[in-house]
Amino acid sequence: MNTSFYHQHKHFTKLVENINQQTKEHLLLTNLSGSSFNVLITELFTYSHYPFVVIYPDKDSALYAYTDIVNLSNSENIIYFPSSFKRKLKNQHYDSAQAILRNEAILKLKQLNKSLVVTYPEAISEKVISQQEYEKSHLVLNVNEAIDISFLEEVLESYHFELVDFVYRPGQYAIRGAIVDVFSFSNKEAYRIEFDDDKIKSLRSFSIETQNSTQFFDKIQLTPDFTSNFQDKITGSLFDYHSPNTIVFTYDTSLFEQQLINFTTDRFIKHDEDNSIVPVFSFEEIKTFLYQKTLIEYGSGIMNQATILKFNTQPQPAFNKSLDVLKEEIEFRKAQQYQVYILVEQEIQKQRLTEIIENLKLKEQVTFLDYTITKGFIDHDLKIALFTEH
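This structure is a prediction, so every number in the text was calculated from the model and none was measured.

> Could you give an account of a negative patch on the surface, naming the residues involved and the relevant values?
Among the surface-exposed residues, Asp 148, Asp 196, Asp 197 and Asp 198 lie close enough to one another that they form a single negatively charged patch. With respect to the helices, strands and loops of the structure, Asp 198 is situated in the loop between β11 (190–196) and β12 (199–206).

Given below as structure tokens:
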């Protein structure tokens with residue numbers, strides 16, 4: 001990862017032992033302010049032998065955390081797993097872009113031995129296609145593979161894809177001579193499959209706006225919309241795609257039940273088109289999944305007799321663009337032997353802040369880091385301060 005902080009913390013060794021030795025000891029973490037929980041998770045993942053699933057209390061906090069962890073880790077093994085539904089006003093509506101992200105997540109899980117999944121209660125409550133059915137319900141194509149266009153069309157029809165003149169949304173395909181365009185539910189862009197007689201000549205993705213190719217592939221996977229078209233096969237859990245040794249972190253677990261009650265009421269969970277009900281797990285069923293794993297909670301937990309690991313952090317002060325407040329805070333922390341970091345992602349931002357710090361005569365008192373987190377914080381145990389402009 002970019003910079004390591006928490007490997008020096010007094011609780012870090014116990015956490016790593018609990019993870020790697022699978023002790024199943026109930027741990028409850030407290031007092032992790034700002035983005036410190038995300039920083040801790042990222043560092044633990046680098047020391048872990050096993051995959052992580054981190055469940056945040058809602059979609060927004062999950063997205064912020066995903067951004068933090070990606071920025072911190074520089075790893076391609078970080079996966080965002082959303083619900084298939086997107087809130088519009090007071091209701092939840094099925095969203096094909098969300099469905100693509102879910103399918104992409106499952107595909108990556110099957111390819112990776114170790115991953116970190118960021119998600120939230122509604123997403124894990126929504127059932128997924130079982131592993132057995134998944135293997136039978138997608139088509140893998142390879143360059144130079146012998147395959148007939150008519151066979152491909154037959155498969156797409158069985159997946160309930162719609163034949164159109166030009167594809168513009170997931171679930172559509174178009175045929176023009178030796179070229180087949182397919183907008184799969186496994187990729188954010190449509191695929192263009194070019195044939196030479198009955199052999200695949202090339203596989204590439206393209207922009208539906210410009211029709212320009214964006215990437216070439218040796219292999220692609222065509223995936224249908226499982227939620228809409230294969231509801232009788234939607235019986236599995238996200239955890240089915242993880243090893244038994246997977247570590248689960250939850251953030252404010254006690255809030256999950258009410259989230260799921262809201263999500264599973266009829267007005268939230270019906271498809272717009274056919275009013276069918278999306279299959280979901282109850283909170284009690286989800287708790288069963290959680291208790292089968294090594295579970296580490298943060299904040300408001302649900303486990304009895306947990307060992308509490310109390311951290312000592314606080315949010316960064318509200319600078320409100322006041323240079324005097326910033327100068328005072330940096331000088332105060334440095335006087336207490338704290339290491340002060342300023343996190344910036346853009347070079348132009350770094351240049352501007354460097355000039356400000358130099359004008360305040362603080363250049364020797366701060367260290368710039370070339371990435372950012374959502375919320376800055378101060379850790380009094382580690383004597384570090386991570387400040388952002390957010």
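Okay, back to it.
> Explain the packing of helix α2 (residues 36–47) against helix α3 (residues 59–73) to me, using residue names and the numbers behind them.
Two elements in contact, α2 and α3, have axes separated by 9 Å at closest approach and are oriented at 45°. On the basis of their axis angle, the class for α2 and α3 is oblique. With respect to the hand of their crossing, α2 and α3 are arranged in right-handed fashion. Across from Asn 38, Val 39, Ile 41 and Thr 42 in α2, the residues of α3 making contact are Ala 65, Asp 68, Ile 69, Leu 72 and Ser 73. Broken down by class, the residue content of the contact of α2 with α3 amounts to 5 nonpolar, 3 polar and 1 charged.

> I'd love a proper account of the sheet that holds strand β3 (residues 78–80), names of residues and values included.
Strand order in the open sheet formed by 7 strands is β3-β6-β2-β15-β16-β1-β17, and the pairing between neighbours is parallel. The open sheet has two edge strands, β3 and β17 (307–310), and neither has a second partner. On average, adjacent strands in this sheet sit at an angle of 20° to one another, irrespective of strand direction. Taken together, the 4 bridges between strand β2 (residues 52–55) and strand β6 (residues 116–119) define a ladder with parallel strand orientation.

> Pulling in residues and values, what's your account of the pairing of strand β15 (residues 247–251)?
Each regular strand carries side chains that alternate between the two faces of the sheet. Counting buried residues along β15, 4 of its 5 residues qualify, which places the element largely inside the surrounding structure. Bridging between β2 and β15 involves 4 bridges; their strand directions are parallel. What sits directly across from Val 54, in β15, is Phe 249. Judged from the 5 bridges that link them, β15 and strand β16 (residues 294–298) form a sheet pairing that is parallel. By the bridge assignment, Thr 250 is partnered in β16 with Glu 297.

> So what's going on with the nonpolar core? Residues and values would help.
Phe 5, Tyr 6, Leu 29, Phe 52 and Phe 249 are the most contacted members of the largest nonpolar core, which totals 72 residues. When residues of this core are assigned to their parent elements, the largest contribution, 6 residues, is made by α2. The contacts of Leu 29, once residues within four sequence positions are left out, are Leu 15, Phe 37, Leu 40, Ile 296, Glu 297, Tyr 298, Gly 299, Leu 309 and Phe 311. In terms of nonpolar packing, the next biggest core, distinct from the first, is built from 33 residues, Ile 100, Tyr 159, Leu 203 and Phe 217 among them.

> Which residues make up the pattern of salt bridges, and what are the values?
Evaluation of the coordinates by the stated rule reveals 16 salt bridges. Of the charged contacts, one joins Glu 126 and Arg 102 as a salt bridge, the two residues approaching to 3.9 Å between their closest N and O atoms. In this pair, Glu 126 sits in the loop between α5 (121–125) and α6 (131–136) while Arg 102 sits in helix α4 (residues 96–111), placing the two residues 24 residues apart along the sequence. For Glu 126, a relative accessible area of 1% gives the class buried. A relative accessible area of 5% places Arg 102 in the buried class.

Basis of the calculations
- Residues numbered from 1 in each chain as written.
- Predicted model: local features only at pLDDT ≥ 70, side-chain atom pairs only at ≥ 80, totals over all residues.
- Heavy atoms only, no water.
- Patch = residues over 30% accessible without salt bridge, like charges linked within 9 Å, V, L, I, M, F, W, Y side chains within 5 Å.
- Areas by Shrake-Rupley, 256 points an atom, 1.4 Å probe, with all protein chains shown as cover.
- Salt bridge = Lys/Arg side-chain N within 4 Å of Asp/Glu carboxyl O.
- Lys, Arg positive; Asp, Glu negative; His and termini not counted.
- Charge placed at Lys NZ, Arg CZ, Asp CG, Glu CD.
- Helix = DSSP H or I, 4+ residues; strand = E, 2+ residues; numbered from the N terminus.
- Axes fitted to C-alpha atoms, helices over the stretch in contact; angles between N-to-C directions.
- Parallel < 35°, antiparallel > 145°, perpendicular 65-115°, else oblique.
- Left-handed = near helix turned anticlockwise from the far one by under 90°.
- Contact = heavy atoms within 4.5 Å.
- Nonpolar A, V, L, I, M, F, W, Y, C, P; charged D, E, K, R; others polar.
- Pairing = 2+ DSSP bridges.
- Buried < 20%, exposed > 50% of the residue type's maximum accessible area, 1.4 Å probe, protein only.
- Core = buried A, V, L, I, M, F, W, Y, C linked by side-chain atoms within 4.5 Å.

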